[in-house]
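# What the coordinates show
Chain by chain, the residues run as shown.
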Amino acid sequence: MGSNLNVQTDIAANLRKVHSAIVAALEAADRDGGEVDLVAVSKIHPAERVRLALESGHRFFGENRVQEAAAKWPALKEEFPQARLHLIGPLQTNKVRDVLPLFDVIETVDRPKLARTLAAEMSNQGRRPVCFVQVNTGEEGQKAGVLPSAADAFIEECRGDLELPIAGLMCIPPVDEEPAMHFALLAKIAARNGLSRLSMGMSHDFEIAIAFGATEVRVGTAIFGRRPT
Ligand SMILES: *Cc1c(COP(=O)(O)O)cnc(C)c1O
């Protein structure tokens, strides 16, 4: 490993590289000038490395563990008020109170009990982070997300009585399958429900996701390098 200076150059250079790839993917998909938010997934990386991305002007970040984010982000957000933090990992109902003040986007709304708890706590706190419904497009037993067959009813429940600010859908395709059909399915469910935002695509497949209409891509490794173990 090189000095800190090199690391900073790396992260800034990686961000530029991913941004260029996003622009190229938008053009290839005839979505020229279309909008894709690059969510830099900083999980496991220490605050010093995250700060390098913030110093280079990057704005959107993603964390998958509430506890880790609560330890790392309050100080970073104070220092960089423009930062916007996305929760991209599972949310337990007993953590809802803690996540509302910290996160600006919650991408993993996936069950009625969580939706009800979010709605109640949003009224309590008067803070309403944008929400995405996570869909388990691969119907994997261990994976979070509402099943595709139950998505329409769940989205209706969230937006109807609960009045959650649902902006779009999110998915994590199975690791051993072509992601394209999962991205296409997510886009189809969003379209028939009138939702415009799609969070899909990671380091290895964000360009494919953009071809299928992604409006947020969640990229970790291609920006920060491999996560320490
Ligand atoms: C870790 C993670 C990512 C980023 O994965 P990379 O392969 O490092 O880009 C994206 N989405 C979710 C939900 C994650 O947990």
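Refer to the preceding data block for the structure.
The following paragraphs examine the structure supplied in this document. Every residue gets a number counted from 1 within its own chain, in the order that chain's sequence is written. Only residues with pLDDT of at least 70 are given local features in this predicted model, and only at 80 or more are side-chain atom pairs given and counted; all residues enter the totals for whole chains, interfaces and linings. By convention in this description, side-chain values take in all heavy atoms of the structure and omit both hydrogens and water.

## Quick look at the overall build of the protein chain
The secondary structure listing takes helices from DSSP runs of H or I that are at least 4 residues long and strands from runs of E that are at least 2 residues long, numbered from the N terminus. Looking only at helices and strands, the protein chain has 9 helices and 8 strands in total. Projected onto its principal axes, the C-alpha coordinates of the protein chain cover approximately 55 × 40 × 35 Å. Per-residue burial over the protein chain gives 49% buried out of 229 residues. In what follows, residue pairs with any heavy atoms lying within 4.5 Å of each other are defined as contacts. The long-range fraction of contacts in the protein chain, counting pairs at least 24 apart against all pairs at least 6 apart in sequence, stands at 60%. Residue burial is assigned from relative accessible area. The probe radius is 1.4 Å, only protein chains are included, and a residue is buried under 20% of its type maximum, exposed over 50%, and partly exposed in between.

## Some words on the site of the ligand
Neighbouring the ligand are Val41, Lys43, Ile88, Ile172, Met202, Ser203, Arg218, Val219, Gly220, Thr221 and Arg227. Any pair of N or O atoms that falls within 3.5 Å is considered a polar contact. Within protein, one atom must be able to donate a hydrogen and the other to accept it, and sequence-neighbouring residues count only if both atoms are side-chain atoms. With respect to the ligand, the backbone of glycine 220 contributes an N or O atom lying 2.8 Å from an oxygen atom. Contact between the ligand and arginine 227: an oxygen atom at 2.8 Å from a side-chain N or O atom of the residue. Using a 1.4 Å probe, accessible areas were evaluated by the Shrake-Rupley method; residue-level cover was limited to the displayed protein chains. When the ligand is considered free in solution it has 390 Å² of accessible area, and contact with the protein chains removes 91% of it. For this classification, Asp, Glu, Lys and Arg are treated as charged, while Ala, Val, Leu, Ile, Met, Phe, Trp, Tyr, Cys and Pro are nonpolar and the rest, including Gly, are polar. For the shell around the ligand, the class distribution of residues is 5 nonpolar, 3 polar and 3 charged. The rule for a residue being near a molecule or strand is that one of its heavy atoms must lie within 4 Å of it.

## Side note on the pattern of salt bridges
Think of a salt bridge as a Lys or Arg side-chain nitrogen and an Asp or Glu carboxyl oxygen that are within 4 Å of each other. Following the criterion strictly, the structure yields 12 salt bridges and no others. The salt bridge partner of arginine 111 is aspartate 110, with a shortest N-O separation of 2.8 Å. Note on arginine 111: relative accessible area 31%, which makes it partly exposed. Residue arginine 197 is joined to glutamate 216 by a salt bridge in which the shortest nitrogen-to-oxygen separation is 2.5 Å. Here arginine 197, found in strand β7 (residues 197-199), pairs with glutamate 216, found in strand β8 (residues 216-219); they are 19 residues apart in sequence, far enough to count as distant. Looking at arginine 197, the relative accessible area reads 21%, which means it is partly exposed.

## Describing the side chain of lysine 72
Note that lysine 72 resides in helix α3 (residues 66-79). Within polar-contact distance, the side chain of lysine 72 engages the side chain of glutamate 63 at 2.9 Å. Once residues lying within four places of it in the same chain are set aside, the contact partners of lysine 72 are Ser42, Lys43, Ile44, His45, Pro46, Ala47, Val50 and Glu63.

## A word on the packing of helix α5 (residues 112-125) against helix α6 (residues 148-159)
Between N-to-C directions, angles span 0 to 180 degrees; the directions come from axes that are lines fitted to C-alpha atoms, helices contributing only their stretch in contact. At a minimum axis separation of 10 Å, α5 and α6 run at an interaxial angle of 15°. If you check the angle between α5 and α6, you find them roughly parallel. Viewed along their axes, α5 and α6 form a crossing whose handedness is right-handed. Facing α5, whose interface residues are Pro112, Ala115 and Arg116, α6 presents Phe154, Glu157 and Cys158. Along the lines of polarity and charge, the residues of the contact of α5 with α6 split into 4 nonpolar, no polar and 2 charged. Orientation labels follow simple angle bins: below 35 degrees gives roughly parallel, above 145 gives roughly antiparallel, 65 to 115 gives roughly perpendicular, and whatever is left gives oblique. For a crossing to be left-handed, the near helix must be turned anticlockwise from the far one by less than a right angle; the clockwise case is right-handed.

## Some details on the side chain of histidine 86
Tracing the backbone shows histidine 86 in strand β3 (residues 84-87). The buried category is assigned to histidine 86, whose relative accessible area is 2%. For histidine 86, the residues in contact, after removing those within four places along its chain, are Val39, Phe60, Phe61, Gly62, Glu63, Phe103, Val105, Glu107 and Glu216.

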